[in-house]
Amino acid sequence: MDFKTYHAAPDLLKDRVILITGCSEGIGRTAAINFALHGATVVLHGRNINKLEIIYDEIEGLGAPQPAILPLQLSSASAMDYELLADTLEQQFGRLDGILHNAGILGERVALADYPVDIWDDVMNVNLRAPFVLTQALLPLLKRSNSASVIFTSSGVGREARPLWGAYSVSKFGIEALSKIFADEHAEQDNIRFNCINPGGTRTAMRAKAYPQEDPKTRPTPEQIMPAYLYLIGKDSHGISGHSFDAQ
């Protein structure tokens, strides 16, 4: 799929309810605004309530559907926390039409021999455990949609292991498997699909932390890779499941 040629209809996401994790900044923030401008009611997740409130106000100011805020600390969330989140969404909306699993942390860029175990656990909790448990908890709501899309965020180091990428790389390999297994296990249900997206090197704070010597202007902005996200979350990708895409 050449996302450069994809143009989303203005009402692509009209009346859709979509949860986006990690939307305080970067790709998640940009996706929230784009999805809202295409008609979606976006459920904003992040760790920083103040940043979420700013995005909330910005979306309302653009005349888009009123969003919702659902704070949750993914690194330490319990099974009950996820159940409460699912109950809240059910009471408020009655269904869910999509999830963009965007939240992620980089961890340390050090050799495995020196990798701090506590940071390893945090990376796995946020990058792999949370997408699994959240998807599992929200499956009943997703199944009520006539065309639900779950997007997991992968990475180039989730397909080819490279030195010094440690827990981040391992978590992204896990995400690729998680997405494929969910897709295969729901292959007979054409109203729900699961795919991965690799955003590629993008002008974000995480990229700057991973490559401090890189000139960020050499990388596309989150806005420039949005066609891939709109395609996968919207009805134009209905029936496509179990695949891993590159946004660039």
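If you're wondering where the values come from, they're calculated on a predicted model, not measured in any experiment. All chains use their own residue numbering, which begins from 1 and follows the written sequence. Since the coordinates come from a predicted model, pLDDT governs what is reported: local features require at least 70, and pairs of side-chain atoms require 80 or more to be given and counted, while whole-chain, interface and lining totals use all residues. Here the side-chain values reflect all heavy atoms present in the structure, with hydrogen atoms and water set aside.

Explain the sheet that holds strand β7 (residues 244-246) to me, please; I cannot follow it from the model alone.
Taken in spatial order, the seven strands line up as β3-β2-β1-β4-β5-β6-β7 in an open sheet, and their pairing is parallel. Of all strands in the sheet, those bounded by a partner on one side alone are β3 (68-69) and β7. Two strands pair when backbone bridges link them, and strand β4 (residues 98-101) and strand β5 (residues 148-153) are joined in this way by four bridges, in the parallel orientation. Note on β5: the bridge partner recorded for His 101 is Phe 152. Pairing between two strands requires that DSSP report at least two bridges joining them. Helix and strand assignments come from DSSP, with helices taken as H or I runs of at least 4 residues and strands as E runs of at least 2, each series counted from the N terminus.

I would appreciate a short explanation of the nonpolar core in the present structure.
What tends to happen in soluble globular proteins is that the nonpolar side chains get buried as a cluster. Grouped together as the largest cluster of nonpolar side chains are 34 residues, with contacts concentrated most on Leu 13, Ile 20, Phe 35, Val 42, Leu 44, Ile 59 and Tyr 229. Of all the elements in the fold, those that place two or more residues in this core are β1 (17-20), α1 (26-37), β2 (41-44), α2 (49-61) and α7 (226-233). If you tally residues by element for this core, the top one is α7, at seven residues. Two residues qualify as a contact provided that any one of their heavy atoms is within 4.5 Å of a heavy atom in the partner residue. Residues within four places of Leu 44 in sequence aside, it is in contact with Ile 20, Cys 23, Ala 32, Leu 52, Ile 55, Tyr 56, Ile 59, Pro 67, Ala 68, Ile 69 and Leu 70. Here the nonpolar core consists of buried residues drawn from Ala, Val, Leu, Ile, Met, Phe, Trp, Tyr and Cys, with membership extended through side-chain atoms lying within 4.5 Å. Classification of residues uses two cut-offs on accessible area relative to the type maximum, computed with a 1.4 Å probe and protein chains only: under 20% is buried, over 50% is exposed, and between them is partly exposed.

Looking at this model, I keep getting lost on the state of the cysteines. Mind explaining?
Throughout this description, disulfide means a covalent bond between two cysteine sulfur atoms. Note on terminology: pairs of cysteine sulfur atoms within 2.5 Å are recorded as disulfides. Taken as a whole and judged by the stated rule, the model has zero disulfides. Here Cys 23 stays unpaired: no disulfide links it, and the sulfur of Cys 196, its closest cysteine neighbor, is 20 Å away. We classify Cys 23 as buried; its relative accessible area is 0%. The class of Cys 196 is buried, set by a relative accessible area of 1%.

Honestly, the pairing of β1 in this entry has me stumped. Any pointers?
Within a regular strand, the side chains alternate between the two sheet faces. Along β1, one buried face is formed by Val 17 and Leu 19 and the opposite face, lined by Ile 18 and Ile 20, is buried too. Sheet analysis places β1 next to β2, joined by four bridges and oriented parallel. Note on β2: the bridge partner recorded for Val 17 is Thr 41. This β-α-β element, β1 to α1 to β2, shows right-handed connectivity. Bridge count for β1 against β4 is three bridges, and the pairing is parallel. Across the sheet, residue Leu 19 finds its bridge partner in β4, namely Ile 99. Crossover handedness is defined by viewing with both strands directed away from the observer: a clockwise path from the first strand over the helix to the second marks the crossover as right-handed.

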